[in-house]
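So the chains spell out like this:
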Amino acid sequence: MKDRILYHSTNRHLNTDKITGFRKKVTFKQALFMGQAPDKGLFMPTRIPRLSKKDILELKEKPYHEVAYEILRRFLSHDIKDKELKAITKDAYNFDIPIEKLDQYTYIVRLDKGPTASFKDFAARLMARLMHKIKPKDKNITVLVATSGDTGSAMGEAYRGLNGIDVHILYPQSEVSPIQKKLLDSIGKNVRTIAIDGTFDDCQKLVKEAFSDSSLKRLNLTSANSINIGRILPQTVYYFYFYVNIVDEIQPALLSIPSGNFGSSLGCEIARRMGLPVKRIILATNENDEFSKLLKSGIYRKVEPSRKCLSNSMNVGNPSNLARYFDLYNGILDKDGIVHKKPNLKEMRKHLYSTAISDEDTVKTINRIYKKHKIIVEPHGAVGIAALIKYFKENKKRLSICIETVHPAKFPEIIKQELNISPEIPESLMKIIKRKGKPGYLPNDYGIFKEYLLKKG
Ligand SMILES: *Cc1c(COP(=O)(O)O)cnc(C)c1O
């Protein structure tokens, strides 16, 4: 068996007045429960395993959970027994991944068939099960999550029913849509959701303060936020899965990926480095255009505050996973968006392309795709398709794959307004909505939040 893969911090070489780099390497298990490195960098694998062309083609026609096992065991074989990983992937992935052909060159893959109808289910379901399996059997843990919407319900559903883990999800009372609130409030069991009388930032502050509060030590607090490496690795799998199910023989493909915090596209970048034949990754963003500007000018400037666009899960002006891209291209970026070392831009441009899509173009694309193909896409997916269309204006056409990240029924207003259609709510969502939940509410006050945690824990 190959050497164990360890994890380093994206700030590893840093030594400034402000930050001393964390030079230690940790195991996957440690990285999973630490979430963030002590120097506030993000964990990255020190080595990326390779698959041969033959390995890749052998994934063809395997069910998704077997592909997940084949990919993930290459990272995790020292951290979890093969048999256990097999069982976890089988339990986590029991839903479809439809592939729709648009034309001779273009495919759309729908990652919206999980329980909460969002691609976040892919990462959430695996990470929750890994935590459950890897944690010491005799130790209960408490997971805290601050969410602005969709991530919260994906994480909540993923942890629901896993014993020994208590989950508390904080969301901003007046910043979530009615359907999001309904989904959050009906999770139940070991997962409690709390509407906070404040903003998403307030929710994050409460969670952060709890983590640094030593009097909560007995609760064994763990975070499950979007920067956890346990959420990135599962997102390498779907690229292999649909690639082999689309091609007959190995050929380089374009991947157009709706991007906010860049976690999904980073999964693709890692898959490419594992050997997946990717011509270029298109990081499709909404009007938060900091990355396309970086690729053009070499200068990174975060968008602050982030721009509010229709594809609201992508309203991110300083993507957290950009630090990981910098790491892969020999640069260093800290969490505040300060560049400590420039990445290799020439290499970046060779493999990555990014373009910012306006709301106007997003809506036009929703209409265009429906008119031409009778296929309904929602704003996030439309951004991906529009970015590909833009790319084709400057580059040769070739096999390309766009990703739809969420079900159109989660954006009924815009679909109704543009196409005069009310998208049918998927069964999995109906099942959640019909449950009787126990909505929680707390004011934006750390003292009260702490008291609540101590009482529940
Ligand atoms: C989170 C999210 C995205 C963006 O994914 P990142 O991994 O943050 O880049 C795109 N679409 C939807 C619907 C999302 O929820």
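Quick caveat, the model's predicted, so the values are computed rather than measured.

(A) Representation of the nonpolar core. Tyr7, Leu130, Tyr159, Tyr239 and Phe240 are the most contacted members of the largest nonpolar core, which has 101 residues in total. Ranked by residue count, the leading element in this core is helix H10 (residues 237–246), at nine residues. Once residues lying within four places of it in the same chain are set aside, the contact partners of Tyr7 are Lys24, Lys25, Val26, Thr27, Phe28, Ala31, Phe43, Met44, Pro45, Phe75, Ile229 and Leu233. Core analysis: the next-biggest nonpolar cluster, separate from the first, contains 29 residues, Ile108, Met314, Tyr353 and Ile415 among them.

(B) Inspection of the UniProt feature "domain: Tryptophan synthase beta chain-like PALP" (unreviewed entry) in the protein chain at higher detail. When the UniProt feature table is mapped to this numbering, "domain: Tryptophan synthase beta chain-like PALP" (unreviewed entry) covers residues 107–393. Split by type, residues 107–393 is 43% helix and 18% strand. Its first and last C-alpha atoms lie 18 Å apart.

(C) Quick look at the environment of Leu206. Residue position: Leu206 is located in helix H8 (residues 200–211). The spatial distance from the C-alpha of Leu206 to the C-alpha of Ala146 is 8.6 Å, given a sequence separation of 60 residues.

(D) Focus on the site of the ligand. Near the ligand there are 14 residues, and of these Lys120, Gly260, Asn261, Phe262 and Thr405 occur at the shortest range. Within the contact set of the ligand, an oxygen atom lies 2.8 Å away from a backbone nitrogen or oxygen of Asn261. Within the backbone of Ser264, one N or O atom sits 2.9 Å away from an oxygen atom of the ligand. If the ligand stood free it would expose 380 Å²; the protein chains cover 95% of that surface. Split by residue class, the shell around the ligand holds five nonpolar, eight polar and one charged.

(E) Main features of the side chain of Thr285. By the element assignment, Thr285 lies in strand S10 (residues 278–285). In this view, Thr285 contacts Ser259, Phe262, Met314, Ser354, Thr355, Ala356, Ile357 and Val383; residues no more than four positions away in its chain are not counted.

(F) Local environment of the side chain of Glu290. With respect to the element layout, Glu290 can be found in helix H12 (residues 290–297). Within the buried core, Glu290 has no salt-bridge partner, and the shortest N-O distance to an opposite charge, that of Arg307, equals 6.3 Å. Residues contacting Glu290, with those up to four places away along its chain left out, are Tyr300, Arg301, Lys302, Val303, Val316, Gly317 and Pro319.

Definitions and cut-offs
- Residues numbered from 1 in each chain as written.
- Predicted model: local features only at pLDDT ≥ 70, side-chain atom pairs only at ≥ 80, totals over all residues.
- Heavy atoms only, no water.
- Core = buried A, V, L, I, M, F, W, Y, C linked by side-chain atoms within 4.5 Å.
- Buried < 20%, exposed > 50% of the residue type's maximum accessible area, 1.4 Å probe, protein only.
- Helix = DSSP H or I, 4+ residues; strand = E, 2+ residues; numbered from the N terminus.
- Contact = heavy atoms within 4.5 Å.
- UniProt positions renumbered as here; feature names shortened; annotations may be inferred.
- Near = heavy atom within 4 Å.
- Polar contact = N/O pair within 3.5 Å; in protein donor to acceptor, adjacent residues only side chain to side chain.
- Areas by Shrake-Rupley, 256 points an atom, 1.4 Å probe, with all protein chains shown as cover.
- Nonpolar A, V, L, I, M, F, W, Y, C, P; charged D, E, K, R; others polar.
- Lys, Arg positive; Asp, Glu negative; His and termini not counted.
- Salt bridge = Lys/Arg side-chain N within 4 Å of Asp/Glu carboxyl O.

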